[in-house]
Every structure is written in C-alpha cells, then in structure tokens.
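# Observations on the three-dimensional arrangement
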Amino acid sequence: MENRTERYSPGGGACRWSGHLRPGFIFLVLILWSVWLTGCWSRRSEFSPLQIGPVGGGGHYRALDVGDFNADGNPDLAGGSILPGGISLWIADGTGGWRRSSPLTTRGQIHGLAVADLNNDGLDDVVASSWGIVRGVQVWLNGGDGFWIQGPNPTDFGEYEGIRLADINHDGNVDIIAANATSGEEGGVQVWLGDGTGRWVAEVGPSSAGVFRDVAVADFNNDGNPDIAASGWGPGVGVRVWLGNGLGGWTSAANPIGRGQYWGIAADDFNRDGNMDIAVGCYLNGVKVWLGDGHGGWRQGEGPIKSGSFWGVTAADLDGDGASDLLAGSLDSKGIKFWLNNGRGGWRQVGDKFPTYGTYYSIVLSDMNRDGRPDVAAASYGEGVKVWFLMGDATSSTESPISSSVEQPEEERISVKVDTASGLLHSAPGGPAVQKARDRGNSVYTEISGVPEYIIGPGDVLEISFWERTTEKKSTIVVRPDGKISYSFLEDLDVNGLTASQVDRLITEKLRGFVKSPRIDVRVTEFNSKKVSLL
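Below you will find a few notes about this structure. Everything numeric in this text was worked out from a predicted model, so none of it was measured. (Residues numbered from 1 in each chain as written. Predicted model: local features only at pLDDT ≥ 70, side-chain atom pairs only at ≥ 80, totals over all residues. Heavy atoms only, no water.)

## A word on the side chain of K337
Within the secondary structure, K337 sits in strand β26 (residues 336-341). No salt bridge is formed by the buried K337; the nearest opposite charge belongs to D332, separated by 8.7 Å. Not counting chain neighbours up to four residues away, the residues in contact with K337 comprise F310, L326, L327, A328 and Q349. (Helix = DSSP H or I, 4+ residues; strand = E, 2+ residues; numbered from the N terminus. Buried < 20%, exposed > 50% of the residue type's maximum accessible area, 1.4 Å probe, protein only. Lys, Arg positive; Asp, Glu negative; His and termini not counted. Salt bridge = Lys/Arg side-chain N within 4 Å of Asp/Glu carboxyl O. Contact = heavy atoms within 4.5 Å.)

What follows is the structure, given as structure tokens:
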C-alpha cells in the first residue's frame with residue numbers, strides 16, 4: 001500500500017505532500033521558534049530591581065522577616081545579626097522609606113527569626129533563635145508605640161536555626177516550629193503549641209534527634225493539615241518530611257533524601273500540578289528540587305544549579321507569569337542568584353538583577369511599597385539589610401542602584417611570585433616584594449618553617465582534597481567575608497589569617513572526630529583578598 005501524507009490546504013481540498021521537508025523550511029521554523037522563545041524569556045524577566053533599604057552600612061545579618069509592628073498596614077522589617085548580635089527593627093512608611101526603631105534587647109547571636117501575632121492583639125510579635133551567651137528560642141511581645149516585652153520563651157537551651165510560625169493544630173493560635181542544630185543526639189525539629197496569649201502549652205515536635213538547619217510548613221498530602229519538611233546535616237538526616245494530623249501528631253512520610261548537607265528550605269508548587277514541592281539550598285551541590293505527588297511521596301525534579309553553597313532559598317512569582325521563581329543566597333560570596341520558572345519546573349538563570357558578590361542568608365518577599373508586586377529583602381553578612389523594589393512592568397528597564405556605604409579596606413598591591421600549586425610566595429631574599437610586604441606588617445605572607453606562605457583572607461578560593469586511599473575528592477570553597485569556611489561535617493572554621501598548611505592541619509584535626517586518619521591537602525587557587533601581580 002502506498003504511504004501518503006495529506007494536509008489541509010487553505011485553498012480547499014487536500015494537497016499531496018512528499019513526506020520530506022525542505023532544509024530551508026526547517027531552518028526558518030527553527031529560527032522563528034528561537035526568536036519567539038528568546039523574546040518570551042526576556043520579556044518575562046525585564047523588571048528592574050531598584051536597590052534601596054533601611055541599612056546601607058555594616059552589620060553581619062543572618063535572619064530577616066517582615067511584619068506590621070505599628071498596625072498601619074505597611075510591612076516593617078526585623079533583622080537578626082550575628083555581629084554585633086541582637087534584633088533591629090525598621091518601621092516602613094509604605095512608600096519606600098524606613099525609620100529605625102529601638103532594637104530588641106538581647107545579647108545573643110541571632111540565627112533564625114520569624115514574625116506573627118502571637119497573642120491575638122493585632123500587633124506582630126517576634127520569635128528568634130539565639131546562639132552564644134543567650135541560647136534557645138526567644139519571644140518578644142509587641143506592646144505598641146515601640147514598647148516590647150520579652151515573653152515566655154519556649155526553651156532557653158539548645159542551638160536552633162530556622163524558625164517558622166503556623167497554626168499546627170487548627171485552634172486559631174500561632175505555634176512555633178524550629179530546626180534544632182545542637183547535636184545529633186539533642187537535635188531534631190521541635191513544635192511548641194501556643195495558647196493565643198503568648199504562652200506555650202506543649203512541645204509536640206516530630207523528632208528529637210539529628211542536626212537540622214531549616215523547616216518549611218505546607219500541606220504536602222492535600223488533607224488540609226499542616227505538614228513539616230526539614231533540611232538536615234550529616235549522614236542519616238538529609239531532607240525529611242512529617243505529615244501532621246491537625247492535632248499536633250505526626251507520621252513520618254517518604255523522605256526526599258536521607259543523606260547530604262542541606263541548609264535553607266522552601267515549599268511551593270513549582271510545576272503547577274496542584275501539589276506542594278520543595279527547594280533546598282545545599283552545601284557545595286547547588287539548589288535541589290523535589291516534586292511532591294500530593295500523597296506525601298517525592299521524586300527529584302530539575303534543580304536550577306548543581307554547584308555552589310546556598311543558604312536562604314525563597315520562592316515567589318516575580319515576573320507575573322503565574323509560576324513560582326527562585327531566589328537563593330550564596331555562601332560563596334557570589335551574591336543572590338535568581339532563576340525564572342518555565343511553569344513546568346524548569347529553570348533559567350537571569351543575571352544583572354541582584355548582587356553578584358557578597359554572602360546572603362535569609363531572603364524574604366513582600367510588597368513593601370504598596371505597588372501590588374512582591375519586593376525582595378535580604379540579610380547580608382557584612383553589608384546589613386538590603387531591599388530591592390521590583391519597579392516597572394514587563395517592558396520596563398529603569399534601574400537605579402544605591403551603593404552600600406560599607407567602607408572597604410584598602411586593597412594591597414604587592415608584586416610577588418605565587419606558586420599556584422602550593423600557594424607559596426617566592427622572591428629573592430630581601431628583594432623588593434618581600435621588603436614591601438614586611439613594610440606592610442606581613443599582611444600578605446608569613447614564614448612557616450622558614451618558607452614564606454600566603455596569608456588567607458576573605459574572598460580567597462581554597463581547593464581542599466580529601467583522600468580515600470588512592471582516590472582524591474576535591475572541593476572548591478570560597479572564604480566568606482567573615483573569614484570562615486564550611487567543609488564536609490565542619491562548619492564555620494575560622495581560616496582568616498592562616499596559611500594553607502595551617503588550614504590543612506586545622507581541618508585534619510577537626511575531621512578526626514568523624515574520620516579515622518583523615519588525609520587532607522589544601523591549596524589556594526585564587527588570591528582575591530589582596531591584589532597580587534603574578535610575575
């Protein structure tokens with residue numbers, strides 16, 4: 001039988017088609033498709049963030065949330081800092097201006113923060129997790145007119161990270177959900193039920209073991225009850241999910257993954273199938289996404305990025321197409337990454353919208369200037385709190401960034417010869433490079449066993465090799481602005497002012513608690529904390 005393809009002809013009847021398309025026609029179709037697709041993406045991403053904010057100076061902030069502290073209908077800001085510590089408040093005027101209010105008195109290092117009306121008086125209150133001198137989970141009740149009362153704390157013990165506030169048991173009162181990072185034996189996820197007066201009547205958390213960094217609350221099995229997803233750290237933890245029964249009881253669900261190191265977590269419907277999904281910031285492995293099936297089950301989706309370390313992950317529709325996009329704060333001093341969602345869980349990174357340098361933790365979204373679209377606020381580790389108003393419509397391209405008032409240290413311009421394999425500095429004894437370094441107070445190198453070694457600082461890039469017998473596993477890590485790094489099971493190692501050999505010994509010693517006879521090699525691959533000319 002003859003095979004024949006027919007198609008409808010606008011002129012009437014059917015016309016014979018040979019079954020072969022001309023190459024020129026195929027090329028034209030591909031060009032038109034590419035132009036349409038590119039135009040669609042660029043048109044969706046043409047909003048222009050206008051950087052503004054309540055803080056333009058220093059401050060090592062890690063936690064951030066939005067609330068209405070004076071009942072005027074405008075979104076105010078609460079930011080928690082590591083250095084100098086404590087909680088700062090900024091009152092918004094609804095047009096993009098803020099005035100700083102009296103800070104909440106605390107001596108702790110704030111790691112997590114959330115805002116809601118805890119005692120049903122119409123004023124938003126503050127809950128924060130604190131490390132250092134003051135530990136546990138702290139509560140401040142808003143008395144109005146800038147007056148705050150420290151309420152009953154659910155716990156004064158432990159080192160907690162992410163905090164969420166939600167009504168877990170359907171009684172109309174706000175409850176506290178907190179990720180406990182104290183230790184593997186004294187960790188887990190705790191839930192304190194509120195009585196609507198700012199007091200806590202019971203702790204009904206789903207877990208009391210494992211190191212957890214953050215929590216998200218959403219209905220993952222479509223039964224109308226709040227469930228919990230938590231990001232963990234270390235073997236046997238990974239990302240876990242518990243299904244709530246609406247009364248404060250929990251059932252372990254299928255876990256997306258049971259291993260790895262994870263930080264911030266966000267829940268949203270990324271592929272628009274009506275079921276809640278999760279996105280998680282990873283240590284070294286980018287941002288991962290798991291798609292929910294609406295029954296508590298999971299399958300791994302397409303992640304927007306596969307490398308780098310990220311803390312805060314936030315989802316919202318920023319370009320108005322109905323699909324939730326993603327923002328993530330880099331722990332590698334690479335700023336804030338932004339990805340557009342194609343509506344099916346696929347991602348496209350968009351540059352030139354947010355900072356490409358700096359360390360960012362918490363990122364929150366709210367309509368801060370009352371123009372009907374979400375704006376972005378972020379906690380910067382070193383540059384305070386920043387806000388970006390998403391100005392204009394889909395065709396707008398107006399941009400007016402406001403530079404930070406942080407004073408950067410004078411860059412050091414010293415000509416030396418660097419052995420990029422070892423990180424050692426070489427110069428003739430008493431030569432001009434060595435003498436100039438000595439004149440600057442040995443700020444670039446120091447002598448270890450008679451050999452000059454480069455002094456590591458913020459922004460430098462380290463390559464750390466871990467040996468398993470004859471197999472080498474390499475990790476590339478950027479020294480954060482605070483001079484610290486995180487590697488494997490080790491967090492917040494202070495390497496500022498150390499050399500590569502000293503960092504090698506430090507990591508080796510710390511890993512002995514996890515690995516028998518660890519073998520580590522450390523070298524500096526990028527010298528960014530000083531201006532170094534390679535000779």
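So that's the structure; there's more coming.
## Quick look at the packing of aromatic side chains
Considering all chains together, one arrives at 19 aromatic pairs under this definition. On the numbers, 4.7 Å between centres and 90 degrees between planes, the contact of Y454 with F527 is edge-to-face. Here the residue Y454 occupies a position in strand β34 (residues 451-454), and F527 occupies one in the loop between β39 (519-526) and β40 (531-534), the gap between them amounting to 73 residues. Judged by its relative accessible area of 1%, Y454 is buried. Members of the aromatic cluster, each reached through a chain of ring pairs, are W233, W263, Y283, W311, Y361 and Y381. Sitting over the ring of W311, R62 keeps its end group 4.6 Å from the ring centre. (Phe/Tyr/Trp six-rings, centres within 6.5 Å; stacked < 30°, edge-to-face > 60°. Lys NZ or Arg CZ within 6 Å of the ring centre and 35° of its normal.)

## Considering the pairing of strand β25 (residues 325-330)
The buried fraction of β25 is high, at 6 of 6 residues. Residue alternation in β25 divides its side chains into two sets, D325, L327 and G329 and L326, A328 and S330, and both sets are buried. Examined bridge by bridge, strand β24 (residues 310-316) and β25 share 5 bridges and lie antiparallel to one another. Across the sheet, T314 pairs through a bridge with L327, a residue of β25. Of the strand pairs in this sheet, β25 and β26 are connected by 4 bridges, and their pairing is antiparallel. (Pairing = 2+ DSSP bridges.)

Honestly, that's just the spatial picture; any functional story needs more than this.
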